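# Remarks on the overall topology
Residues per chain are reported as follows:
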Amino acid sequence: MFQDNPLLAQLKQQIHDSKERVEGTVKGSDKAYGFLECDKKSYFITPPAMKKVMHGDKISATIEKQGDKEQAEPEALIEPMLTRFIAKVRFNKNKKLQVLVDHPNINQPIGAAQSKAVKEELQEGDWVVATLKTHPLRDDRFFYAQITQFICHAEDELAPWWVTLARHEQPREPVQGQDQYEIQDQETRENLTALHFVTIDSETTQDMDDALYIEPITSNSEQTGWQLVVAIADPTAYISLNSQIEKDAKQRCFTNYLPGFNIPMLPRELSDELCSLKPHETRLALVCYIQTDLQGNISAPAKFVLADVQSKDKLTYNQVSDYLEGKDNAWQPENPETAQQIHWLHQFTLTRTQWRKTHALLFKEKPDYSFVLAENGKVQEIKAEYRRIANQIVEESMIIANICAAQFLHENLQCGIFNTHSGFDKKFLENAHNFLLANLANDENKAELQSRYAPENLATLKGYCQMRHDIEPIEGDYLEFRLRRFLTFAEFKAELAPHFGLGLNGYATWTSPIRKYSDMVNHRLIKAHLAGRDFAKPEESVLARLQEARRQNRLVERDIADWLYCRYLADKVAEKPEFEAEVQDVSRGGLRVLLLENGASMFIPASTLHDNKDEVAINTDEIAFYVKDQRQYKIGDILRVQLTEVREDTRSIVGVVIK
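Residues numbered from 1 in each chain as written. Predicted model: local features only at pLDDT ≥ 70, side-chain atom pairs only at ≥ 80, totals over all residues. Heavy atoms only, no water.

### A word on the overall build of the protein
A count of helical and extended segments in the protein gives 17 helices and 30 strands. The C-alpha extent of the protein, read off along each of the three principal axes, is 110 × 70 × 55 Å. Across the 659 residues that make up the protein, the buried fraction comes to 49%. Put simply, 66% of the contacts in the protein that link residues at least 6 apart link residues at least 24 apart. Just so you have it, the protein exposes about 33,500 Å², and 47% of that area is on carbon and sulfur atoms. Looking at charge distribution, the protein has the averaged site of its 79 positive side-chain charges lying 6 Å from that of its 99 negative ones. (Helix = DSSP H or I, 4+ residues; strand = E, 2+ residues; numbered from the N terminus. Buried < 20%, exposed > 50% of the residue type's maximum accessible area, 1.4 Å probe, protein only. Contact = heavy atoms within 4.5 Å. Areas by Shrake-Rupley, 256 points an atom, 1.4 Å probe, with all protein chains shown as cover. Lys, Arg positive; Asp, Glu negative; His and termini not counted. Charge placed at Lys NZ, Arg CZ, Asp CG, Glu CD.)

### Describing the pattern of salt bridges
Tallied over the entire structure, the rule returns 45 salt bridges. With a closest N to O distance of 3.9 Å, Arg84 and Glu169 form a salt bridge. Pair noted here: Arg84 is in strand β6 (residues 84–91) and Glu169 is in the loop between α4 (159–167) and β11 (190–191), with a separation of 85 residues, a long-range link. Residue Arg84 is classed as partly exposed on the basis of its relative accessible area, which comes to 29%. We note a salt bridge from Lys572 to Asp571, for which the minimum N-O separation is 3.7 Å. Look at Lys572 and you get partly exposed, because its relative accessible area is 22%. Each of Arg356, Glu365, Arg387, Glu395 and Glu396 takes part in a single network of salt bridges with overlapping partners. (Salt bridge = Lys/Arg side-chain N within 4 Å of Asp/Glu carboxyl O.)

### Some details on the sheet that holds β6
A barrel is described by the order of its strands in space; here five strands give the closed sequence β6-β7-β8-β10-β9, paired in mixed fashion. The sheet shows a mean angle of 55° between the axes of neighbouring strands, direction not considered. Pairing geometry for strand β9 (residues 127–134) and strand β10 (residues 144–152), over seven bridges, is antiparallel. Within β10, the position partnered with Thr131 by the bridge is Gln146. Across the sheet, α4 is in contact with β6, β9 and β10; its angle to β10 comes to roughly 130°. (Pairing = 2+ DSSP bridges. Axes fitted to C-alpha atoms, helices over the stretch in contact; angles between N-to-C directions.)

### Comments concerning the domain arrangement of the protein
Here the protein is partitioned into domain 1 (18–79), domain 2 (84–156), domain 3 (190–236 + 243–323 + 340–418 + 507–560), domain 4 (422–488) and domain 5 (572–657). Distance from the C-alpha centre of domain 2 to the C-alpha centre of domain 4: 50 Å. (Domains from an automatic or database assignment.)

### Overview of the UniProt feature "domain: S1 motif" (unreviewed entry) in the protein
Within this structure's numbering, the places UniProt gives as "domain: S1 motif" (unreviewed entry) are residues 576–659. Segment residues 576–659 splits into 5% helix and 60% strand. End C-alpha atoms: 15 Å apart. (UniProt positions renumbered as here; feature names shortened; annotations may be inferred.)

### Points about the pairing of strand β26 (residues 616–619)
The two faces of the sheet receive side chains in turn, since in a regular strand these alternate between them. Bridging between β26 and strand β27 (residues 624–627) involves four bridges; their strand directions are antiparallel. Bridged to Asn619 within β27 is Ala624. Joining the antiparallel neighbours β26 and β27 is a turn of four residues, in which Ile623 adopts a positive phi near 55°.

### Here we look at unusual backbone geometry
What is expected of a backbone is that most residues other than glycine have negative phi and most peptide bonds are trans. Not every positive phi belongs to a glycine, and Ser221 is a case in point at roughly 65°. Note that Ser221 resides in the loop between β13 (210–219) and β14 (222–233). Its identity is not glycine, yet Lys628 carries a phi of approximately 50°, on the positive side. When you line up the elements, Lys628 lands in the loop between β27 and β28 (630–634). Classification of Lys628 as exposed rests on a relative accessible area of 56%.

### Examining the nonpolar core
Residues Val230, Val287, Phe304, Val309, Trp510 and Tyr517 are the most contacted members of the largest nonpolar core, which totals 81 residues. Ranked by residue count, the leading element in this core is helix α9 (residues 389–412), at 12 residues. In this structure, Val309 is in contact with Leu192, Thr193, Phe197, Ala231, Leu277, Glu281, Thr282, Arg283, Ala285 and Val287, ignoring residues within four places of it in sequence. Among the nonpolar cores identified, the runner-up in size contains 71 residues, and Tyr464, Trp563, Val616 and Phe625 belong to it. (Core = buried A, V, L, I, M, F, W, Y, C linked by side-chain atoms within 4.5 Å.)

### Focus: the packing of helix α5 (residues 244–252) against helix α15 (residues 517–531)
At a minimum axis distance of 8 Å, the contact between α5 and α15 shows a crossing angle of 125°. With respect to α15, the element α5 is oriented oblique. Here Glu246, Ala249 and Lys250 of α5 come into contact with α15, specifically with Tyr517, Met520 and Arg524. When the residues that make up the contact of α5 with α15 are grouped by side-chain class, the tally is three nonpolar, no polar and three charged. (Parallel < 35°, antiparallel > 145°, perpendicular 65-115°, else oblique. Nonpolar A, V, L, I, M, F, W, Y, C, P; charged D, E, K, R; others polar.)

### Examining the packing of α4 against helix α16 (residues 540–570)
Viewed as axis vectors pointing N to C, α4 and α16 meet at an angle of 150°, and their least axial separation amounts to 9 Å. The angle between the axes of α4 and α16 places the two elements in the roughly antiparallel class. Our pair here, α4 against α16, has a crossing hand that is right-handed. Here α4 contributes Ala159, Pro160, Trp161, Val163, Thr164, Leu165 and Arg167 to the contact with α16, which in turn contributes Val556, Asp559, Ile560, Trp563, Leu564 and Arg567. Classifying every residue of the contact of α4 with α16 by side-chain character gives nine nonpolar, one polar and three charged. (Left-handed = near helix turned anticlockwise from the far one by under 90°.)

### With respect to α5
Within α5, burial applies to Ile245, Glu246, Ala249 and Arg252. Burial along α5 is one-sided: seen end-on, the buried residues are contained in an arc of 135°. In this structure, the buried residues of α5 make contact with β16 (261–263), α6 (268–274), α15 and α16. Within two residues after α5, Cys253 carries a phi angle of roughly 75°, on the positive side. (Arc of directions from axis to C-beta.)

### Examining the environment of Pro538
One can find Pro538 in the loop between α15 and α16. Taking relative accessible area as the criterion, Pro538 reaches 11% and is therefore assigned buried. Sequence separation of Pro538 and Thr353 is 185 residues, and the distance between their C-alpha atoms is 32 Å. When near neighbours in sequence (up to four residues on either side) are disregarded, Pro538 contacts Cys415, Gly416, Ile417, Ala494, Val521 and Leu525.

### Some thoughts on the packing of aromatic side chains
One pass over the structure, following the stated rule, counts 18 aromatic pairs. Between Phe304 and Trp510 the ring centres are 5.1 Å apart and the planes differ by 70°, which places this aromatic pair in the edge-to-face class. Here Trp510 lies in the loop between β22 (491–493) and α15 and Phe304 lies in strand β18 (residues 303–316), a separation of 206 residues in the sequence. With respect to burial, Phe304 and Trp510 carry one shared label: buried. In textbook terms, an aromatic cluster arises when at least three aromatic residues are bridged by ring pairs, as seen for Phe428, Phe435, Tyr478 and Phe486. Sitting over the ring of Trp162, Arg172 keeps its end group 4.0 Å from the ring centre. (Phe/Tyr/Trp six-rings, centres within 6.5 Å; stacked < 30°, edge-to-face > 60°. Lys NZ or Arg CZ within 6 Å of the ring centre and 35° of its normal.)

### Thoughts on the environment of Lys27
Counting through the fold element by element, Lys27 comes out in strand β1 (residues 21–28). Residues Lys27 and Asn598, spaced 571 residues apart in sequence, show a C-alpha to C-alpha distance of 33 Å. Not counting residues up to four positions away in its chain, the partners in contact with Lys27 are Gly34, Phe35, Glu37 and His55.

See below:
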């Protein structure tokens, strides 16, 4: 009798409208309940209510009060956590198809259907891409998904690669090539095949895109400087602007270098064969002549030419480094011309390194970690590799070549694709100023540093470089890590701008056109100027795609590495190995540390650091972990840690600090 009572309906509506409402993000737990995290408050979500939402959902909710307790009742979906997602196939006890979301905080199975586009017969544990079709708060139904793409079978040893590439929507196949390639350029090329160019790369490198030749500059029988000739492979000579290869490269933007193999930006017949500067093969190149004095200063405008070149020797980093370091039984050059080139390049590198140390900024020495893999993808070992002298030879040659390209593009075309970095984020300049004074100033130098580290001075390239030179001799990474939180991200721009991270007025890469689309664009601009042809300023859409592709590639590299680290360390947990580790981040949940031996990221739960959470505080200015008002750990600290747990399903490595 009350079902159609308008007064009762009105009363219910009034009660509903009078309830407090909030918006927030759902946070799941390892139990059935969860929480709604709002700006300043957290509300409990009961297990029945959690069946209507997913961890990460942004929702609106009404607040129900039970005595002095408050809990959130989900009401409307603002933004779902899941749209397109990665999952594993599961069949319930009734053989109904379900998917398990590949996310550490989402553990409930979701009913699913297989789209017609997916032809594979799915098995338990297979990896797939799915899209969420229904949501309880949006469709008045249960969670339901559609499987739209098969990734790989559960037993596929290369699952870390294929799943990660699918997650970030990256291709796993090279760009499709052509049946044949014809030279598109009509310009005359200089014949530089007589110059004794050499390449220096890793042992396994096939896509060799740079070769070097150097000779002293003399006057009255005395050396006055150096002439470095940098030859760069010229793939744009074979790729027309309206070709599918160009369109694919423009979308990919970079060769994706993954543990064990790469996925090239260009077809392999171009990157590894026709354009690769293989020894004793004549190749098309864009060549830059660079002159410096004996102090490493660029002493004349760079000269760019189109040319035919021929590498005389394929050298490797380890061979050249062993030779220059005079190691016992080290590799020896096959001929005196190659030996001479190595020694001259070495002398030039030492000069340019000193120039950059004085006038710009050097990279802080940190190892690169590389995975040694078996054919089936199993990790055999992880090597920490430091930059050796041969790596520095190539690095310094490429850096000066890219400095020259930036100057050339700016002066002759007033555009290009420039690698830029503007130092501290403007909104953090005052924070950086205060932090530097707090950590470096004393009674004697405070007035001087007030001026030196004034926000308006730190905002200039000169002031930033001066600050970096000041902190360089200070031991440890604390200042480096803390200041990093105030920095902006590097950007691609179409006009000249400084690169604070390198300490340079301008930087434009053109030395890896086989591997980077930005370098292909700069090649085309330089070549247009040499030929007197019209050119177009790079579009903002190209710069934006480069930015996004770089971000995606870094995420792919990180995610695959995290997975491989778990596989490598999983069977070592029983041995309880100990490692030296550096603190990378501090939160109320615990410490994130980097294992210095192999580069793995480990989490140290706060509960293992101190057993009373009420006595723990996090200082966000110092990025430090305090117990009873005493600082225990801070970012940059070196600790001794022990491995306690590895969970491959969540790609998590857990340990404890050895006290």
